[in-house]
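Structural features, examined
The residues making up each chain are set out below.
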Amino acid sequence: MASRDILLYRNHEAALRRKGRPVRKLNRSIKRLVEDLKNTLMAHPEGVGLAAPQVNAHHRVVVVRLGAGSDGSSEPDPCIALINPEIIEARDERRDFDGCLSFPGLYGQTTRPHFLRVTVMDERGMCFDRVFEGFDAVVVHHEIDHLDGVLFIDRVESLEDLYRVCIGENGQQVRVPVSAILHPGRGVWINSVSRTRISRFAAKGGINGLKSCPNDMIVLQKGLNPHSLLVMGDKPPGDYQSDGSSE
Ligand SMILES: [Zn+2]
């Protein structure tokens, strides 16, 4: 019974982008993977789902805790495993809360189905259809995305829908929209983690001091100082290029 390390996007994008292979046989190593995924998720009470690629195991296996609700007000159910989950019906698309254990501290609003019918195998090898509704459908959809290398930042439509949770002056948690911290012309939205590209876009945005942390997804050099924020994602850099302003 082990808890495994969760891969973070800023260090392990390639592994998180790899697709999971279908499970052909519920052998000992898959059973161990299921147990480890459950233990790992239970060790992170802030999370309600975990997919095998997040622990660098490229099989179509996820674990979820249902019944949480997007406001986190209710204690979620115990972990269940969904093996080879396949969506056969998806509808009722709505915007809802999203976040991921591979992106600690980063949250967003995404549009996902709130009704899902999925064929799954459970951990005893039984195959059946199961319906998920409301935020449970969001969670299951997010985890199935992981099996195809799709991450929640891919489904965030604009920077306004992405925010960080920071600690405020009185020690309380504060949601800070990335757009609010991002000074126009100072932040840059780029689609690569390469040092060269970061340096180039950072120079365009007038951002200094990036060499110390070139691979962080969001770089806050001085707390919430908007002049030193770098955001990386899948949007073309043209959306947030420098306007040449300075203070
Ligand atoms: Zn995730």
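Each remark here, short or long, concerns the structure printed above.
What counts and how
Residues numbered from 1 in each chain as written. Predicted model: local features only at pLDDT ≥ 70, side-chain atom pairs only at ≥ 80, totals over all residues. Helix = DSSP H or I, 4+ residues; strand = E, 2+ residues; numbered from the N terminus. Buried ≥ 20, exposed ≤ 12 C-beta atoms within 10 Å, placed from the backbone. Contact = placed C-beta atoms within 7 Å. Expected span 1.5 Å × (residues − 1). Arc of directions from axis to C-beta. Pairing = 2+ DSSP bridges.

What follows is about the overall build of the chain. A tally of helices and strands in the chain yields six helices and ten strands. Taken over 247 residues, the chain has a buried fraction of 36%.

Position of Ile6 relative to the elements: it lies in the segment before α1 (9-17). Separated by 45 residues in sequence, Ile6 and Ala51 have C-alpha atoms that sit 9.7 Å apart. Residue contacts for Ile6: discarding those within four places in its chain leaves Thr40, Gln54, Val55, Leu101 and Ser102.

Attention shifts here to helix α2 (residues 28-42). If you check α2, its first and last C-alpha atoms are 21 Å apart, about what 15 residues at 1.5 Å a residue would give, namely 21 Å. Among all positions in α2, only Ile30, Leu33, Val34, Leu37, Lys38, Thr40 and Leu41 are buried. Buried positions in α2, seen along its axis, are confined to an arc of 165° and lie on one side of it. Facing away from the buried side of α2, by more than 90 degrees, are the exposed residues Arg28 and Ser29. Contact partners of the buried residues in α2: β1 (49-51), β2 (61-64) and β3 (80-99).

Before going further, it helps to examine the pairing of strand β4 (residues 106-121). Where β3 meets β4, 13 bridges bridge the pair, whose relative direction is antiparallel. Residue Glu89 lies in a different strand from β4, and its bridge partner there is Arg117. Two elements, β4 and strand β5 (residues 127-133), share seven bridges in a ladder whose sense is antiparallel. Residue pairing across strands places Leu116 opposite Phe132, the latter belonging to β5.

Turning our attention to unusual backbone geometry. Phi at Asn84 takes a positive value of approximately 50°, unusual for a residue other than glycine. Within the secondary structure, Asn84 sits in strand β3. Residue Asn84 is classed as partly exposed on the basis of its 19 C-beta neighbours within 10 Å. At Asp92, a residue that is not glycine, the phi angle is positive and equals roughly 60°. Here Asp92 lies in strand β3. Taking the number of C-beta atoms within 10 Å as the measure of exposure, Asp92 has 12 and is therefore exposed.

Inspection of the secondary structure puts Gly134 in the loop between β5 and α3 (135-147). On the neighbour-count criterion, Gly134 (16 C-beta atoms within 10 Å) is partly exposed.

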